[in-house]
Amino acid sequence: MPVERTEHHELFKYYEVYETIGSGGFAKVKLGRHILTGENVAIKIMNKKDLGDDLPRVKVEIEAMKNLSHQHICRLYQVIETSTQIFMVLEYCPGGELFDYIIAKDRLSEEETRVFFRQIVSAMAYVHSQGYAHRDLKPENLLIDEDHNLKLIDFGLCAKPKGGLGFELKTCCGSPAYAAPELIQGKAYIGSEADVWSMGVLLFALLCGYLPFDDDNCMVLYRKITRGTYENPRWLSPGSVLLLNQMMQMDPKRRLSVRHLLDHPWVMKDYNSPVAWHSRQPLGHIDEDCITEMAVNMKRSRASTTALVKEWRYDQTTATYLLLLSKKQRGKPVRLRLEPAVCEDSCSPLHQGLQTREALHFSEDEDAVIVGSLEFCSDYIDDCPWVSVANNKDMRLASPSVEKKCVYSLTPERGRTTAQHRQERRDRDQGQTSENKENIAVQEKDVEIFALPPPRTPASSKKNARANKKVLTTPNQNANVNGAKTNPVTPKGGGSASKEPNKKRAAEFKELANVEILAFSPERRSRSLDMAVTGDSGKKKRGGKVFGSLERGLDKMITMLTPGKKRALRDGPRKIKVQYNVTLTSQTNPDQVLNQILSILPEKNVDFTQKGYTLKCRTWGDFGKVTMAFELEVCLLQRPEVVGIRRQRLKGDAWVYKHLVEDILSTSSI
Ligand code: ADP
């Protein structure tokens, strides 16, 4: 996505922007860092033109998120709107999607499911208490934070009926597999009742690792849902079977409500209290310590700082306050920091009323990330997946842990100044390492019964898949499907002439800063992994175990590459630890594994771009739209010493992705 400097200026004043960590139907989400607090954030970036008719959906999401403050709901910190873009700055959840967690473990135990389910009930009881229905509950919309707690996201389809939640809704929306039968049938429905059905589907997915109602053919899927029959696998306890049945009741009036769930016997098992659903972070609460720190920073009185914060504009003031509060709640010092580059240009990160404070010292997380100019970085973030430009101090940081780290600063000059500044500091520090559209009609005879549009499947994308028949055998020749070479460690950019000077500047900059190239694995929480094969049911098991992973416990891996190792980056696959999103092979030759995958992708109608040992894969739907985007990376594992394949979904339906990747990996016979 080309980045226009003027459009992003506002963002870069306050945030460092790193790599893409996800993308949805509307947005690209990038990792960021709030300069003043040093806190990691997720930045959801939406292009207004691309949003088109969906712009109101974004407005709905923003308004809802401003009104919701709960320990299990992803917090909105700031909204920046320009003439072409909308940026939502959100609480960062490094643990990824609950969906990926489920499939990595095949399915969760009843005990672990209960821990998560209680959090989902807590969030949903709060959401309903505020008069909202979420309407798009699914494991992709639940993220895991650094403490392994769930955070609900994606309020774009939520509804807040004017007359209260008891009023009927008509818009049919959400994901077909999670949609209640009354929605599928196009009937008016109560939002909270539909949410409980989705929670039932979600609970089933947690306990079983697959969906209760599933089919590649959407009409068959809709029929299954409207019939309401599903099979309970043998490992479900009688209590789980009963609860699922009470939630996935065809008659919405007979369904449990979220209130009933709070102290349901299944939910209470091994707990001595009902689910606590009240917000621990009620809206409007003002924390005196945060106000004091901000007041000092702004050189204002505490009273006027409080008044400013209480405006809740979701600007830099709101973001600074909420992020400081978050630091405090996690036991970190309530301190603001100052970005040197910002000082130099006498442009305060607290743009609206906040003033800079001289001579701040930070006892924690010294800023560490370097930097390029906005110009050369404009496309760089997406296109430098293997290179991290950071000073050595980063190596010691707990966060951000990033696979690729390229940071914008405001101007080339400033970038240089910053670099020099940091270089000096590095020299000093030597020794330290571094309500929505109405129903879309469906064809076929079921049209009157089913109100949802057909879900997209890989099969439906066949037509447009632009598979490359020519298998590329040399990973070092970074080539796209058309054989165009790209450089693995420089921005892709398709070799556009206008980018050349920027690349040059990037290279100069690296020289100047004497930076190290770092390869990080994404930060993931430790988790024990269950390799148990699920046995019967068999329905979902296409390739079954492929998504399993061996090792227990995953922590951030940081590999520092010396110049010698830089060559290795070009010449060989990355060496990484086993992670939950890595599939192990029994092979030891990475080129062979790569070639096997390369030969299978065209067969599966997967379009790809190759950069070294990473394949950026896409499937295409009708009208040339990308339906799915994911990465497969051949890498070397340390223990056991075998070749692994790291997978990451970037876009598209999670279950379709799961099936497709399982299919690719099992067909590749690796
Ligand atoms: P859309 O509204 O376009 O569907 P989402 O809000 O669902 O976009 O975000 C797309 C993806 O980006 C998510 O599925 C998730 O992987 C990632 N993501 C979104 N918000 C965050 C966050 N706060 N922290 C980490 N990752 C996030």
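Note that the structure is a prediction, hence the values are computed from the model and not measured. (Residues numbered from 1 in each chain as written. Predicted model: local features only at pLDDT ≥ 70, side-chain atom pairs only at ≥ 80, totals over all residues. Heavy atoms only, no water.)

Quick notes on the site of the ligand
Part 1: Within the structure, the ligand sits among 19 residues, and Phe26, Ala27, Lys44, Glu91 and Glu97 are positioned closest to it.
Part 2: The contact in question runs from a nitrogen atom of the ligand to an N or O atom on the backbone of Cys93, over 3.1 Å.
Part 3: Within the side chain of Glu97, one N or O atom sits 2.6 Å away from an oxygen atom of the ligand.
Part 4: In the complex, the protein chains occlude 91% of the 550 Å² of accessible area that the ligand would expose alone.
Part 5: With three residues, the top contributor of residues to the shell around the ligand is strand S1 (residues 15-23).
Part 6: Of the residues assigned to the shell around the ligand, the class counts are ten nonpolar, four polar and five charged. (Near = heavy atom within 4 Å. Polar contact = N/O pair within 3.5 Å; in protein donor to acceptor, adjacent residues only side chain to side chain. Areas by Shrake-Rupley, 256 points an atom, 1.4 Å probe, with all protein chains shown as cover. Helix = DSSP H or I, 4+ residues; strand = E, 2+ residues; numbered from the N terminus. Nonpolar A, V, L, I, M, F, W, Y, C, P; charged D, E, K, R; others polar.)

Focus: the pairing of strand S18 (residues 614-620)
Part 1: Burial analysis of S18 places five of its seven residues in the buried class, the great majority of the element.
Part 2: Bridge analysis of strand S17 (residues 607-611) against S18 gives five bridges, and the strand direction is antiparallel. Bridge pairing in S18 links Gln610 to Leu615.
Part 3: Pairing of S18 with strand S19 (residues 626-637), which is carried by seven bridges, proceeds in the antiparallel orientation. Bridge pairing in S19 places Cys617 opposite Phe630.
Part 4: Where S18 folds back on S19, the antiparallel hairpin that results is connected by five residues, among which Phe623 adopts a positive phi of roughly 60°. (Buried < 20%, exposed > 50% of the residue type's maximum accessible area, 1.4 Å probe, protein only. Pairing = 2+ DSSP bridges.)

Quick look at the sheet that holds strand S2 (residues 28-34)
Part 1: Judged by pairing direction, the sheet is antiparallel, and its five strands sit side by side in the order S1-S2-S3-S5-S4 without closing on themselves. The open sheet has two free edges, formed respectively by S1 and strand S4 (76-81), since each of these has just one partner strand. Looking at each pair of strands side by side, their axes are set apart by 25° on average, direction ignored.
Part 2: Pairing between S4 and strand S5 (residues 85-91): five bridges, direction antiparallel. Directly across from Glu81, in S5, lies its bridge partner Ile86.
Part 3: Here helix H14 (residues 316-329) sits on the sheet in contact with S1, S2, strand S3 (40-47) and S4, set at roughly 160° to S4. (Axes fitted to C-alpha atoms, helices over the stretch in contact; angles between N-to-C directions. Contact = heavy atoms within 4.5 Å.)

Things to note about unusual backbone geometry
Only a minority of non-glycine residues have a phi that is not negative, and only a minority of peptide bonds are not trans.
Part 1: Positive phi outside glycine occurs at Arg135, with the angle close to 70°.
Part 2: Here Arg135 is to be found in the loop between helix H5 (110-129) and strand S6 (142-144).
Part 3: For Lys299, which is not glycine, the phi torsion reads 55° and is therefore positive.
Part 4: Mapping Lys299 onto the fold places it in the loop between helix H12 (288-298) and helix H13 (302-309).

Looking at the environment of His134
Part 1: By the secondary structure assignment, His134 is in the loop between H5 and S6.
Part 2: Exposure remark for His134: the relative accessible area of 0% places this residue in the buried category.
Part 3: Through-space distance from the C-alpha of His134 to that of Gly191 is 7.6 Å; in sequence the pair is 57 residues apart.
Part 4: If near-sequence neighbours (up to four positions away) are discounted, His134 is found in contact with Met124, Val127, Asn141, Leu152, Ile153, Asp154, Phe155, Leu157, Cys158 and Asp195.
Part 5: For His134, the side chain forms a polar contact with the main-chain nitrogen of Leu137, separated by 3.5 Å.
Part 6: Polar contacts involving the side chain of His134 include one to the main-chain carbonyl oxygen of Ile153, which spans 3.0 Å.

Things to note about the confidence of the model for the chain
Part 1: Confidence along the chain averages 71 in pLDDT terms, with 64% of residues attaining 70 or more.
Part 2: Contacts from residues 339-349, a stretch scored under 50 in pLDDT, to residues over four places away or in other chains number 31 contacts.
Part 3: In the predicted structure, residues 351-569 sits below a pLDDT of 50 and forms 542 contacts with residues beyond four places in sequence or in another chain. (pLDDT = per-residue confidence, 0-100.)

Some points on the pattern of salt bridges
Part 1: Enumeration over the complete set of coordinates arrives at 29 salt bridges.
Part 2: For the salt bridge of Arg57 with Asp154, the shortest nitrogen-to-oxygen distance reads 3.4 Å. Of this pair, Arg57 sits in helix H3 (residues 55-67) while Asp154 sits in the loop between strand S7 (150-152) and strand S8 (168-169), and the two are 97 residues apart along the sequence.
Part 3: In this structure Arg57 comes out as buried when scored by relative accessible area, which is 16%.
Part 4: The class for Asp154 is buried, based on a relative accessible area of 16%.
Part 5: Note that Glu193 and Lys253 form a salt bridge whose closest N and O atoms lie 2.7 Å from each other. Taken as a pair, Glu193 in helix H7 (residues 191-208) and Lys253 in the loop between helix H9 (238-247) and helix H10 (258-262) lie far apart in primary sequence, 60 residues in all.
Part 6: Take Glu193: its relative accessible area is 17%, and that puts it in the buried class.
Part 7: Ionic contacts of the salt-bridge type, sharing partners, join the residues Arg574, Lys616, Glu631, Glu633 and Arg646 into one network. (Salt bridge = Lys/Arg side-chain N within 4 Å of Asp/Glu carboxyl O.)

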